[in-house]
Amino acid sequence: MKIVYFDYWTLGIHNFKPIDQKLRNLDHETMLLHVGSFNSKQLQEKMIDGIRCRDITYYNTRMIYKMLKKESPDVLITINATQILDRVVTISCRKLNIKSIYLMHGI
């Protein structure tokens, strides 16, 4: 199963680390998709703590729907639910038949 994490940038990757290794041990493919380039220059792709991270520019688009359509994951896990961008992610997942999960995180 292909599982993607979604966040605005890579600095929140520590929120996904507790479940990432368990998912990979179960032979699931995981990666972090982010939109960090909306705010600053980003590498298109890099590895952080063993997790492949891809900025939206990797997909030659600024549209989340197109990024998700190209990646075509089975499941998307997000830790954000307050911005209008989060609604775009949810609606895109619904249109593309991607299951989405919201995990509340804290400090």
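Our subject in this report is the structure included herewith. Quick caveat: nothing in here was measured; it's all calculated off a predicted structure.

A few words on the packing of helix H2 (residues 64-71) against helix H3 (residues 84-95). In the contact formed by H2 and H3, the axes pass within 9 Å of each other and the chain directions differ by 40°. On the basis of the axis angle, H2 is oblique to H3. As for how H2 packs across H3, the hand of that crossing is right-handed. Of the residues in H3, those touching H2 at Ile64, Tyr65 and Leu68 are Leu85, Val88, Val89, Ser92, Cys93 and Lys95. Among the residues making up the contact of H2 with H3, the classes are represented as seven nonpolar, one polar and one charged.

To continue, consider the pattern of salt bridges. Overall, the coordinates contain five salt bridges when judged by the stated rule. For arginine 54, the salt bridge identified is with glutamate 71, shortest N-O distance 3.0 Å. Of this pair, arginine 54 sits in strand S4 (residues 51-55) while glutamate 71 sits in helix H2, and the two are 17 residues apart along the sequence. Assigned by exposure class, arginine 54 and glutamate 71 land together as buried. When salt bridges that share partners are traced, they join Lys2, Glu45, Arg52, Arg54 and Glu71 into one network.

What follows covers the environment of lysine 41. Structurally, lysine 41 can be placed in the loop between strand S2 (29-34) and strand S3 (45-48). Along the sequence, lysine 41 and aspartate 55 sit 14 residues apart, while their C-alpha atoms lie 10.0 Å from each other.

Spatially, six strands are ordered S3-S4-S2-S1-S5-S6 in an open sheet, and the strand pairing comes out mixed. Among the strands making up the open sheet, the edge pair consists of S3 and strand S6 (99-102). Shown here is a sheet whose adjacent strand axes are inclined to one another by a mean of 25°, direction ignored. Where strand S5 (residues 75-78) lies against S6, four bridges are found, and the strand directions are parallel. Counted as the bridge partner of isoleucine 77 is isoleucine 101 from S6. Contacts from helix H1 (residues 17-25) reach strand S1 (2-7), S2, S4 and S5 within the one sheet, and its direction differs from that of S1 by about 165°.

The rules we used
Residues numbered from 1 in each chain as written. Predicted model: local features only at pLDDT ≥ 70, side-chain atom pairs only at ≥ 80, totals over all residues. Heavy atoms only, no water. Axes fitted to C-alpha atoms, helices over the stretch in contact; angles between N-to-C directions. Helix = DSSP H or I, 4+ residues; strand = E, 2+ residues; numbered from the N terminus. Parallel < 35°, antiparallel > 145°, perpendicular 65-115°, else oblique. Left-handed = near helix turned anticlockwise from the far one by under 90°. Contact = heavy atoms within 4.5 Å. Nonpolar A, V, L, I, M, F, W, Y, C, P; charged D, E, K, R; others polar. Salt bridge = Lys/Arg side-chain N within 4 Å of Asp/Glu carboxyl O. Buried < 20%, exposed > 50% of the residue type's maximum accessible area, 1.4 Å probe, protein only. Pairing = 2+ DSSP bridges.

As far as function goes, none of this settles anything; it's purely spatial.
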